[in-house]
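# What the coordinates show
One-letter residues, chain by chain:
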Amino acid sequence: MTGCITILTPEDYRMSDQTMAAGFAAAFLDYAVSEGAPRDGLLAASGLAENDLADQDARIPVAAYHALIAAGIETTGDTSLLLRHVLETRLETMSIVGQIVHASTSFPHSLGQLNRYARLMADVPIPGGRDRFELVREADAVWLVDNSPSDGDWMAIEASFARFISEFRRSAPEYPFEQALEVTYAPPPHANRYPELFRVPVTFRAARNALRINPVWLDEAFDGGKDYVFGVFTRHADALLQDLATNDTVRSSVESRMLSDLHEGSMSMDRIARDLGMSRQTLYRRLKEEGVTFAEVHDELRRRMAIDYLGTRKVSVGETAYLLGFSEASAFVRAFRRWTGSSPTAWMNE
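Reference entry: report on the structure contained in this document. Note that the structure is predicted; figures quoted are calculated from it, not measured. All residue numbers refer to position in the chain's written sequence, counted from 1. Local features in a predicted model are, by the rule used here, given only for residues with pLDDT of at least 70; side-chain atom pairs are given and counted only at 80 or more, and totals for whole chains, interfaces and linings are based on all residues. To get the side-chain values, take all heavy atoms of the structure and skip hydrogens and water.

This paragraph deals with the overall build of the protein. Secondary structure counts use DSSP, requiring at least four H or I residues in a row for a helix and at least two E residues in a row for a strand, with both numbered from the N terminus. Scanning the protein for helices and strands turns up 18 helices and 7 strands. In terms of overall dimensions, the protein is globule-like: its C-alpha atoms have a radius of gyration of 21 Å, near the 20 Å expected for 350 residues. Taking the principal axes of its C-alpha atoms as reference, the protein extends roughly 60 × 50 × 45 Å. Per-residue burial for the protein yields a buried fraction of 50% across its 350 residues. By definition, residues are in contact when any of their heavy atoms lie within 4.5 Å. A sequence separation of at least 24 residues applies to 69% of the contacts in the protein between residues at least 6 apart. Only the protein chains shown count as cover for residues, and all accessible areas are computed by the Shrake-Rupley method using a 1.4 Å probe. Accessible surface, the protein: about 16,400 Å² in total, of which carbon and sulfur atoms supply 50%. Measuring between centres, the 36 positive side-chain charges of the protein sit 4 Å from its 49 negative side-chain charges. We compute the radius of gyration from the C-alpha atoms alone; for a globule the expected value is 2.2 Å times N to the 0.38, where N is the number of residues. Here the term buried applies to any residue with accessible area under 20% of the maximum for its type, exposed to any over 50%, and partly exposed to those in between, with areas from a 1.4 Å probe on protein chains only. We treat Lys and Arg as the positive residues and Asp and Glu as the negative residues; His and chain ends play no part in the count. In plain terms, the charge of a residue is placed at NZ if it is Lys, CZ if Arg, CG if Asp and CD if Glu.

This is the structure we're talking about:
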């Protein structure tokens, strides 16, 4: 049973420039195998090889990780597989970011480091240049808000909050971290397991993705805070961030800024150039050096997102047209025919 997840092919993930740390895929692979999934089958479905996962800091396509998860769920028949994996594993075993979090002096301090080094875990463009996670006070309540884009998919959101819960349950069971959960998605196929796994009241189809936390953690010091160890870890992480920045393409930067405004339709090259700290002429030249035009980047991004939305059955044809910024569904259908040679409906039925 796959719910709304689809298994991607190696060709699918080559279409995306977004990457993530291999340690997360390696850890999930081991967990899925322990749950009865065939290792070779999972690797084949994701297009990954054992060598791709040997170094936890190596980068792999985000879509390959998604394909790995989808294959694990497909073969085990358990849509809660990723959620259970996150709740039962340790972040520091799969990412340097986990080591930094545990060497921080407090939760607010660790949250700042998590935002600072979030890209080392995965490329997740956040609209408006905001931090991915922020603390929001509402009367006596404190909420941890996830600002990552939400398209109604449950997988990434439930996993992000489960990671916080997992770390605190293991490190400080005497001070329960989680108190309530709000999510924008509808109940997933395994919603009946939420009381057992999350252990807090959950509001589905909420206006935001947020976890209400125990306010004691705003002031409680971490036992593991050590300046020397923290410095060693952050120097290593800074070097990894610099490597990523060096390997960035202008195209990937443009795509990241397009994503949050894709529903608006037309894209302002002047505005995106300004956001990237360059003139329109410089952006034009830099993209030309990479063999593409601004319009081609926009068109290709729309194509990839259309295939993602429709391939996973997340939204209807009409909703996809809106999300991609087409003024009319008929214009989207014409574009989809140009991209794939068939209509959206025929493509989904193939």
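Moving on: the environment of histidine 298. Position of histidine 298 relative to the elements: it lies in helix 15 (residues 294-311). Note on histidine 298: relative accessible area 12%, which makes it buried. When the C-alpha positions of histidine 298 and glycine 265 are compared, they lie 9.6 Å apart, and in sequence the two are 33 residues distant. Beyond its immediate sequence surroundings of up to four residues, histidine 298 is in contact with Met258, Leu262, Gly265 and Met267.

Time to look at the packing of aromatic side chains. Only Phe, Tyr and Trp rings are paired, with Trp represented by its six-membered ring, and only when their centres lie within 6.5 Å; those with planes under 30 degrees apart are stacked, over 60 edge-to-face, the remainder tilted. Applying the stated rule across the entire model yields 19 aromatic pairs. Note on phenylalanine 133 and phenylalanine 164: the rings are 5.0 Å apart at their centroids and 85 degrees apart in plane angle, and the pair reads as edge-to-face. In this pair, phenylalanine 133 is assigned in strand 3 (residues 133-138) and phenylalanine 164 in helix 9 (residues 155-171), connecting sequence segments 31 residues apart. Between phenylalanine 168 and phenylalanine 177, the ring centres sit 4.0 Å apart and the planes meet at 5 degrees, which makes this aromatic pair stacked. Across the pair, exposure class does not vary: phenylalanine 168 and phenylalanine 177 are buried alike. Positioned above the aromatic ring of tryptophan 143, the side-chain terminus of arginine 208 is 4.7 Å from the ring centre. Consider the ring centre and the ring normal. A charge sits over the ring if Lys NZ or Arg CZ is within 6 Å of that centre and within 35 degrees of that normal.

In this section: helix 7 (residues 107-116). Buried within helix 7 are the following residues: Phe107, Ser110, Leu111, Gln113, Leu114 and Asn115. Between a side-chain oxygen at the N-terminus of helix 7 and the backbone nitrogen of histidine 109 the separation is 3.3 Å; the capping residue is serine 106. Counted as a polar contact is a pair of N or O atoms within 3.5 Å, where, for protein atoms, one must be capable of donating a hydrogen and the other of accepting one, and residues adjacent in sequence contribute only when both atoms are in side chains.

Let us now look at the pattern of salt bridges. Each reported salt bridge corresponds to a side-chain nitrogen of Lys or Arg within 4 Å of a carboxyl oxygen of Asp or Glu. All told, the structure shown has 22 salt bridges when counted by the stated rule. Among the ionic pairs, arginine 338 bridges to aspartate 299, the shortest N-O distance being 2.9 Å. Taken as a pair, arginine 338 in helix 17 (residues 329-340) and aspartate 299 in helix 15 lie far apart in primary sequence, 39 residues in all. Sharing partners across several salt bridges, the network here consists of Arg90, Glu92, Arg163, Glu167 and Arg170.

A few words now on the sheet that holds strand 5 (residues 178-182). Pairing between strands requires that DSSP locate at least two bridges from one strand to the other. Strand order in this open sheet of 5 strands is 3-4-7-5-6, and the pairing throughout is mixed. Edge positions in the sheet fall to strand 3 and strand 6 (202-203), since each has one partner strand and no second. By the bridge criterion, 4 bridges tie strand 4 (residues 141-146) to strand 7 (residues 210-213) in an arrangement that is antiparallel. Of the residues in strand 7, the one forming a bridge with valine 142 is isoleucine 213. The angle between two axes is taken between their N-to-C directions and runs from 0 to 180 degrees, where each axis is a line fitted to C-alpha atoms and a helix contributes only its stretch in contact. Contacting strand 3, strand 4, strand 5 and strand 7, helix 9 crosses the sheet at an angle of about 130 degrees to strand 4.

Quick look at the environment of aspartate 55 now. Note that aspartate 55 resides in the loop between helix 3 (39-46) and strand 2 (59-61). Placed 77 residues apart in sequence, aspartate 55 and arginine 132 show a C-alpha to C-alpha distance of 25 Å. A distance of 2.9 Å separates the side chain of aspartate 55 from the backbone nitrogen of aspartate 57, its partner in a polar contact.

This brings us to the nonpolar core. Ranked by internal contacts, the top residues of the largest apolar core, which has 74 residues, are Leu53, Tyr65 and Phe107. It is helix 2 (residues 22-34) that contributes the most residues to this core, 9 residues altogether. Here tyrosine 65 is in contact with Met20, Phe24, Ala25, Phe28, Ile60 and Leu82, once residues within four sequence places are set aside. Throughout this description, the term nonpolar core refers to a set of buried Ala, Val, Leu, Ile, Met, Phe, Trp, Tyr and Cys residues connected via side-chain atoms within 4.5 Å. In this structure, Leu283, Val297, Ala306 and Ala331 belong to the second largest nonpolar core, which totals 31 residues.

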